[in-house]
Amino acid sequence: MSKVTEVVEELAAPIFQDLGLELVEIEYVKEGKSWYLRVYIDKESGVDIEDCGLVSERLSEKLDELDPIPHNYFLEVSSPGAERPLKKAKDFERAVGKNVFIKTYEPIDGENKFEGKLVGFDGDKVTVEVKFKTRKKSIEIPFEKVASARLAVTFS
């Protein structure tokens, strides 16, 4: 299925550049009997329904021309939401100072889930300040050991 996402990413790149948008993620998944092609977009000021509609319209035209997907599917274009995934190095760089939730491939200090403030990223390691009982502790996570990461919404 990664071939589909790669083709879609290639087709969509000029559209994103033209509209001043950033590709966050592309998913191509089967849910029940239906296939879904989900494209998550963002920009500095946030995306709105018009941005999603423009991308959907232009990308749909390109997909119809090339026809890289052999069966029926639903195309969905949306914002990644408040808990945006962090995938690329630049995502982590922009998230410094924000609350994050990170899962690792293997335990670090006996844990593989960390939620706290992202206080640093140097390309090789992610530093998260987590609350441990009544005190704060900095955890350094090697970037290659990050299985998944996202912004974390907190209510205080």
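Going by the structure above, here's the rest.
Residues numbered from 1 in each chain as written. Predicted model: local features only at pLDDT ≥ 70, side-chain atom pairs only at ≥ 80, totals over all residues. Heavy atoms only, no water.

Take the overall build of the chain next. Tallying secondary structure elements over the chain gives three helices and eight strands in all. Along the three orthogonal principal directions, the C-alpha set of the chain runs to about 55 × 30 × 30 Å. Looking at the 156 residues of the chain, the share that counts as buried comes to 37%. Of the contacts made within the chain by residues no fewer than 6 positions apart, 52% connect residues no fewer than 24 positions apart. Of the roughly 9800 Å² of accessible surface on the chain, a fraction of 47% belongs to carbon and sulfur atoms. Charge centroids of the chain, computed over 24 positive and 31 negative side chains, lie 8 Å from each other. (Helix = DSSP H or I, 4+ residues; strand = E, 2+ residues; numbered from the N terminus. Buried < 20%, exposed > 50% of the residue type's maximum accessible area, 1.4 Å probe, protein only. Contact = heavy atoms within 4.5 Å. Areas by Shrake-Rupley, 256 points an atom, 1.4 Å probe, with all protein chains shown as cover. Lys, Arg positive; Asp, Glu negative; His and termini not counted. Charge placed at Lys NZ, Arg CZ, Asp CG, Glu CD.)

Now for the packing of aromatic side chains. The way to describe two aromatic rings as a pair is by their centre distance and the angle between their planes. As enumerated under the stated definition, the model contains five aromatic pairs in all. The structure contains a cluster of three or more aromatic residues connected by ring pairs, namely Phe-92, Phe-121 and Phe-143. Over the ring of Tyr-36 we find Arg-38; its NZ or CZ atom is 4.7 Å from the centre of that ring. Note that Lys-137 overlies the ring of Phe-132, its terminal NZ or CZ placed 5.9 Å from the centroid. (Phe/Tyr/Trp six-rings, centres within 6.5 Å; stacked < 30°, edge-to-face > 60°. Lys NZ or Arg CZ within 6 Å of the ring centre and 35° of its normal.)

Ranked by internal contacts, the top residues of the largest apolar core, which has 21 residues, are Val-8, Phe-16, Leu-37, Val-39, Ile-41, Val-55 and Leu-59. Put simply, the parts of the chain that give this core at least two residues each are α1 (2-19), β1 (22-31), β2 (34-42) and α2 (49-66). By residue number, the principal contributor to this core is α1, which donates seven residues. Ignoring sequence-local partners within four residues, the contact set of Val-55 consists of Ile-15, Phe-16, Leu-19, Leu-21, Ile-41, Ser-60 and Val-77. In terms of nonpolar packing, the next biggest core, distinct from the first, is built from 17 residues, Ala-95, Ile-102, Leu-118 and Val-130 among them. (Core = buried A, V, L, I, M, F, W, Y, C linked by side-chain atoms within 4.5 Å.)

Together, Glu-57, Glu-61, Asp-64, Glu-65 and Asp-67 give the surface a local cluster of negative charge. Mapped onto the elements, Asp-67 comes out in the loop between α2 and β3 (74-78). With a relative accessible area of 54%, Asp-67 lands in the exposed category. (Patch = residues over 30% accessible without salt bridge, like charges linked within 9 Å, V, L, I, M, F, W, Y side chains within 5 Å. Salt bridge = Lys/Arg side-chain N within 4 Å of Asp/Glu carboxyl O.)

Let us now look at the sheet that holds strand β6 (residues 125-132). With antiparallel pairing, five strands are arranged side by side in an open sheet as β7-β6-β5-β4-β8. Edge positions in the open sheet fall to β7 (135-142) and β8 (146-151), since each of these has one partner strand only. Going from strand to strand, the sheet's axes swing by 40 degrees on average, the running direction of each strand aside. Pairing of strand β4 (residues 99-108) with β8 involves five bridges; the strand directions are antiparallel. For Lys-103, the partnering residue across the bridge sits in β8 and is Ser-148. (Pairing = 2+ DSSP bridges. Axes fitted to C-alpha atoms, helices over the stretch in contact; angles between N-to-C directions.)

This part takes up the pattern of salt bridges. Taken as a whole and assessed by the stated rule, the structure comprises 17 salt bridges. When the shortest N-O distance is used, the salt bridge between Arg-38 and Glu-31 registers 2.8 Å. Linking Asp-51 and Lys-43 is a salt bridge whose minimum nitrogen-to-oxygen distance equals 3.2 Å. Here Lys-43 falls in the partly exposed class, since its relative accessible area comes to 26%. Each of Glu-22, Asp-42, Arg-84, Lys-90, Asp-91 and Arg-94 takes part in salt bridges that share partners, so that together they form one network.

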